[in-house]
Amino acid sequence: MSTTPAHRAAELTDTLPAHGVLPGQRPAAGNGTHSMEVRGVHKAFGDFKVLQGMNLNFVDDAITTVLGPSGTGKSVLIKHLVGLLEPDAGEILIHGQDIWRISESERYELRKKFGVLFQDGALFGSMNLYDNTAFPLRKHTDLSEHDISDIVLERLHEVGLDKALTKYPNEVSGGMRKRAGFARALVMDPDIVLFDEPDSGLDPVRTSLLNDLILEMHRQHKGTYLLVTHDIRTARKVSDYVGLIWKGKVVHYGEAEAAFNSADPFVRQFLSGDSAGPLGMD
Ligand SMILES: Nc1ncnc2c1ncn2[C@@H]1O[C@H](COP(=O)(O)OP(=O)(O)O)[C@@H](O)[C@H]1O
Ligand SMILES: [Mg+2]
């Protein structure tokens, strides 16, 4: 390994996020590397510009929350990260790989690295919770039903659904559907887990319980977690890092504690608890 200053500088520049950990600043959590990078991403639907030069790197093994009002492109961001939407401009890098410069089949393989908890849980209505959770293993692995059962029962136990294995999604509460979706998202042992508004549709008590579960599962399984939400309480509870998005861009990124104690009027207003977002920005 070369250790010339130029080499070190290049290394630093390569790893320095556009909105990321500053040189010399110790990361609050995670190992400081980034297996997910969003670089200058633009996305419009017709004339409607949703992402307008978004830059954001996600620290490995940390929980990053991206906060923004409804309709700001949080779900669109998640769909870009898993390769379901292609940017009009800019790049999405997963483990350093531009996911639109690889083949369709490589992109398909890459998707297996992700666990995704979609906004509505996205469970199959025709399958019970056990089969929903087993689905990715049956689809993507050659594991025997015996081995699948070991994994599925453990994940469902971790999320407290032991007694609901044979229930169908429409027979259980919204909170249980979220937990089943979470169990399913973790079943392939993903190194990246994305949550699209895990708190949506849950009352404050169930939101709080789900947030505890997210923290506990992250502690046990590690991994790079991205949680998008418009719920400031959720962000406050689970985040190591916080990104604030506004008008298709990341307008603030940093350690959660610093963000929540920030003196910056914009950040303060954003995090004051008003889901309508910053005023006076137009
Ligand atoms: N496939 C699509 N076609 C057209 N418009 C879309 C599409 N997906 C999202 N949008 C629009 O992009 C904006 C951002 O959407 P979204 O990412 O779902 O917001 P949120 O931050 O609430 O998750 C919304 O105005 C939405 O209507
Ligand atoms: Mg959304």
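Below: a short report on this structure. On a predicted model such as this, the values are computed, not experimentally measured, just so you know.

### A word on helix 4 (residues 129-140)
Note: α-helices contain 3.6 residues per turn, so residues at a spacing of three or four share the same orientation. Among the residues of helix 4, those classed as buried are Leu 129, Tyr 130, Asn 132, Thr 133, Ala 134, Pro 136 and Leu 137. Residues of helix 4 that are buried in the fold lie against helix 5 (145-158) and helix 6 (174-186). One side-chain oxygen at the N-terminal end of helix 4 lies 3.1 Å from the backbone nitrogen of Tyr 130; it belongs to Asn 128.

### A short note on the packing of helix 6 against helix 7 (residues 204-221)
In contact at an axis separation of 11 Å, helix 6 and helix 7 are set at 15 degrees when each is read in the N-to-C sense. The orientation of helix 6 with respect to helix 7, classified from their angle, is roughly parallel. Here helix 6 and helix 7 pass one another in a crossing that is right-handed. Within the contact between the two elements, helix 6 uses Gly 175, Lys 178, Arg 179, Phe 182 and Leu 186 and helix 7 uses Arg 206, Leu 210, Leu 213, Ile 214, Met 217 and His 221. Partitioning the contact of helix 6 with helix 7 into residue classes produces six nonpolar, two polar and three charged.

### A word on the nonpolar core
Membership of the largest hydrophobic core comes to 32 residues, with the highest contact counts inside it found for Met 36, Val 38, Leu 81, Leu 194 and Leu 226. No other element matches the six residues that strand 2 (residues 48-59) contributes to this core. Once you skip the residues sitting within four places of it in the chain, Leu 226 turns out to touch Met 36, Phe 58, Thr 64, Val 66, Ile 78, Leu 81, Val 193, Leu 194 and Phe 195. If you look at the next biggest cluster of nonpolar residues, it comprises 29 residues, including Val 187, Val 193, Phe 195 and Tyr 225.

### Looking at the packing of aromatic side chains
This structure, assessed with the given rule, holds six aromatic pairs. Ring centres of Tyr 241 and Tyr 253 lie 5.8 Å apart, and the angle between their planes is 5 degrees; this geometry places the pair in the stacked category. Within this pair, whereas Tyr 241 is found in strand 9 (residues 241-246), its partner Tyr 253 is found in strand 10 (residues 249-255), the two being separated by 12 residues in sequence. Here the two residues Tyr 241 and Tyr 253 agree in accessibility, since each one is buried. Note on Trp 246 and Phe 270: the rings are 6.4 Å apart at their centroids and 80 degrees apart in plane angle, and the pair reads as edge-to-face. Residue Trp 246 is found in strand 9, and its partner Phe 270 is found in helix 10 (residues 265-270); the two are separated by 24 residues along the sequence.

### Quick look at the sheet that holds strand 1 (residues 34-45)
In space, the four strands of this open sheet follow the order 2-1-4-5, with antiparallel pairing throughout. One side of each edge strand has no neighbouring strand; the edge strands of this open sheet are strand 2 and strand 5 (97-98). Packed on one face of the sheet, helix 2 (residues 74-81) meets strand 1, strand 2 and strand 4 (89-94) and runs near 120 degrees to strand 1.

### Some thoughts on the site of ligand 1
Close to ligand 1 lie Phe 45, Phe 48, Val 50, Pro 69, Ser 70, Gly 71, Thr 72, Gly 73, Lys 74, Ser 75 and Val 76. Contacts to ligand 1 include Lys 74, whose backbone N or O atom sits 2.9 Å from an oxygen atom. Within the backbone of Val 76, one N or O atom sits 2.9 Å away from an oxygen atom of ligand 1. When ligand 1 is considered free in solution it has 560 Å² of accessible area, and contact with the protein chains removes 59% of it. The set of elements that each furnish at least two residues to the shell around ligand 1 consists of strand 2 and helix 2. Sorting elements by how many residues they give to the shell around ligand 1 places helix 2 first, with three residues. Of the residues in the shell around ligand 1, the class split is five nonpolar, five polar and one charged.

### Description of the environment of Leu 129
Within the secondary structure, Leu 129 is located in helix 4. A relative accessible area of 0% places Leu 129 in the buried class. Along the sequence, Leu 129 and Arg 184 sit 55 residues apart, while their C-alpha atoms lie 9.0 Å from each other. Excluding anything up to four places from it in sequence, Leu 129 contacts Leu 123, Leu 156, Leu 161, Ala 164, Leu 165, Lys 167, Pro 169, Val 172 and Ala 180.

### A closer look at the sheet that holds strand 10
Across the sheet, which stays open at both edges, the six strands sit in the order 6-7-8-3-9-10 with mixed pairing between neighbours. The open sheet terminates on both sides in strands that have one partner only, identified here as strand 6 (114-117) and strand 10. Across this sheet, the average inter-strand angle for adjacent strands is 15 degrees, counted without regard to direction. As judged from the four bridges shared by strand 6 and strand 7 (residues 192-196), these two strands associate in the parallel manner. Considered in strand 7, the bridge of Phe 114 is made with Ile 192. Of the strands in this sheet, strand 6, strand 7 and strand 8 (224-229) are in contact with helix 6, which crosses strand 6 at around 170 degrees.

### Looking at the packing of helix 4 against helix 5
Running from N to C, helix 4 and helix 5 cross one another at 125 degrees; their axes reach a closest spacing of 9 Å. In terms of their interaxial angle, helix 4 and helix 5 are classed as oblique. Of the two elements, helix 4 crosses helix 5, and the hand of that crossing is right-handed. Counting all contacts with helix 4, which are made through Leu 129, Tyr 130, Thr 133, Ala 134, Leu 137 and Arg 138, the residues of helix 5 involved are Glu 145, Ile 148, Ser 149, Ile 151, Val 152, Leu 153 and Leu 156. Of the residues belonging to the contact of helix 4 with helix 5, the class tally is nine nonpolar, two polar and two charged.

Thresholds applied
- For every chain, the first residue of its written sequence is number 1, and the numbers climb from 1 along that sequence.
- Each chain takes a letter, starting from A, and each ligand takes a number, starting from 1, following the order in which they are written.
- Confidence filtering applies because this is a predicted model: local features only for residues at pLDDT of at least 70, side-chain atom pairs given and counted only at 80 or more, and all residues used for totals across whole chains, interfaces and linings.
- Only hydrogens and water are set aside when side-chain values are computed; all heavy atoms of the structure are taken into account.
- Burial here depends on accessible area, computed with a 1.4 Å probe over protein chains only, as a share of the maximum for the residue type. Under 20% is buried, over 50% is exposed, and the range in between is partly exposed.
- Counting from the N terminus, the helices are DSSP H or I runs at least four residues long and the strands are E runs at least two residues long.
- Working rule for contacts: check all heavy atoms of both residues, and any pair within 4.5 Å makes them a contact.
- For the purposes of these results, a polar contact is taken to be a pair of N or O atoms within 3.5 Å, where, inside protein, one atom must be able to donate a hydrogen and its partner to accept one; residues adjacent in sequence count only when each atom of the pair is a side-chain atom.
- To get an axis, fit a line to the C-alpha atoms, keeping to the stretch in contact for a helix; angles then go from 0 to 180 degrees between the N-to-C directions.
- For this classification, under 35 degrees means roughly parallel, over 145 means roughly antiparallel, 65 to 115 means roughly perpendicular, and everything else is oblique.
- Crossings are classed by handedness, with left-handed meaning an anticlockwise turn of the near helix from the far one by less than a right angle and right-handed meaning a clockwise turn.
- Amino acids are sorted into nonpolar (Ala, Val, Leu, Ile, Met, Phe, Trp, Tyr, Cys and Pro), charged (Asp, Glu, Lys and Arg) and polar (every other residue, Gly among them).
- Take the buried residues of types Ala, Val, Leu, Ile, Met, Phe, Trp, Tyr and Cys, join any two whose side-chain atoms come within 4.5 Å, and each joined set is a nonpolar core.
- A pair of Phe, Tyr and Trp rings is counted when the ring centres sit within 6.5 Å of each other, with Trp represented by its six-membered ring. The angle between the planes then sorts it: under 30 degrees is stacked, over 60 is edge-to-face, the rest tilted.
- Paired strands, as defined in this entry, are two strands with at least two bridges between them according to DSSP.
- A cutoff of 4 Å decides nearness: a residue is near a molecule or strand if any of its heavy atoms lies inside that distance of it.
- Per-residue accessibility takes into account occlusion by the displayed protein chains alone, with areas from the Shrake-Rupley method and a 1.4 Å probe.

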